[in-house]
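Chains, contacts and geometry: an overview
Below are the chains, spelled out letter by letter.
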Amino acid sequence: QVQLDESGGGLVQAGGSLRLSCAASGRTFSGYATGWFRQAPAKEREFVAAINRSGGFTYYVDSVKGRFTISRDNAKNTVYLQMNSLKPEDTAVYYCAASTVVGGTRNQYEYDYWGQGTQVTVSS
């Protein structure tokens, strides 16, 4: 069992930055790939970024490439999402999730554990 706790969300103006953190507890965090997803009001939850177990491989949805960076510190059992040049369309609840898929995955149904989410609101 892995418990995930997101933090770092808030209200920011367009063009600003936020850094989300996801702290893990329970089983060995380094044994899981980790992803970030988001869900805007009245929309489906969508993949944002993922990172493999070691942190050496990352990938992103096209809409955030060049603006968001996912990273992890296994010694601290924490994964991060640095979000720069934020846009109003980035407004959503952001969730982190852990998967046993070795390289990570874009498929939300392949994630075994989820956090409660943190709200990100970008004003125009």
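Everything that follows concerns the structure shown earlier in this document.
Residues numbered from 1 in each chain as written. Predicted model: local features only at pLDDT ≥ 70, side-chain atom pairs only at ≥ 80, totals over all residues. Heavy atoms only, no water.

Summing up its helical and strand segments, the protein has 0 helices and 11 strands in all. Reading the helices (α) and strands (β) of the protein from amino to carboxyl end gives β-β-β-β-β-β-β-β-β-β-β. Against the globule reference of 14 Å for 124 residues, the protein gives a C-alpha radius of gyration of 13 Å, in line with a compact fold. Based on the C-alpha atoms only, the size of the protein along its principal axes is roughly 40 × 25 × 25 Å. Taken across its 124 residues, the protein has 45% of its residues classed as buried. In the structure as shown, the protein presents an accessible area of about 6,100 Å², 45% of it carried by carbon and sulfur atoms. In the protein, 12 side chains carry a positive charge and 10 a negative one; their mean positions are 5 Å apart. (Helix = DSSP H or I, 4+ residues; strand = E, 2+ residues; numbered from the N terminus. Rg over C-alpha atoms; globule rule 2.2 N^0.38 Å. Buried < 20%, exposed > 50% of the residue type's maximum accessible area, 1.4 Å probe, protein only. Areas by Shrake-Rupley, 256 points an atom, 1.4 Å probe, with all protein chains shown as cover. Lys, Arg positive; Asp, Glu negative; His and termini not counted. Charge placed at Lys NZ, Arg CZ, Asp CG, Glu CD.)

Moving on: the sheet that holds strand β1 (residues 2-7). Strand pairing in a sheet takes place through backbone hydrogen bonds and is either antiparallel or parallel in direction. Taken together, the 4 strands give an open sheet; going across it, the order is β1-β3-β8-β7, and neighbouring strands pair in antiparallel fashion. Among the strands making up the open sheet, the edge pair consists of β1 and β7 (68-73). Averaged over all pairs of adjacent strands, the angle between their axes in this sheet comes to 15 degrees, without regard to strand direction. Bridging between β7 and strand β8 (residues 78-83) involves 6 bridges; their strand directions are antiparallel. In the sheet register, Ser71 faces β8, and the bridge partner there is Tyr80. (Pairing = 2+ DSSP bridges. Axes fitted to C-alpha atoms, helices over the stretch in contact; angles between N-to-C directions.)

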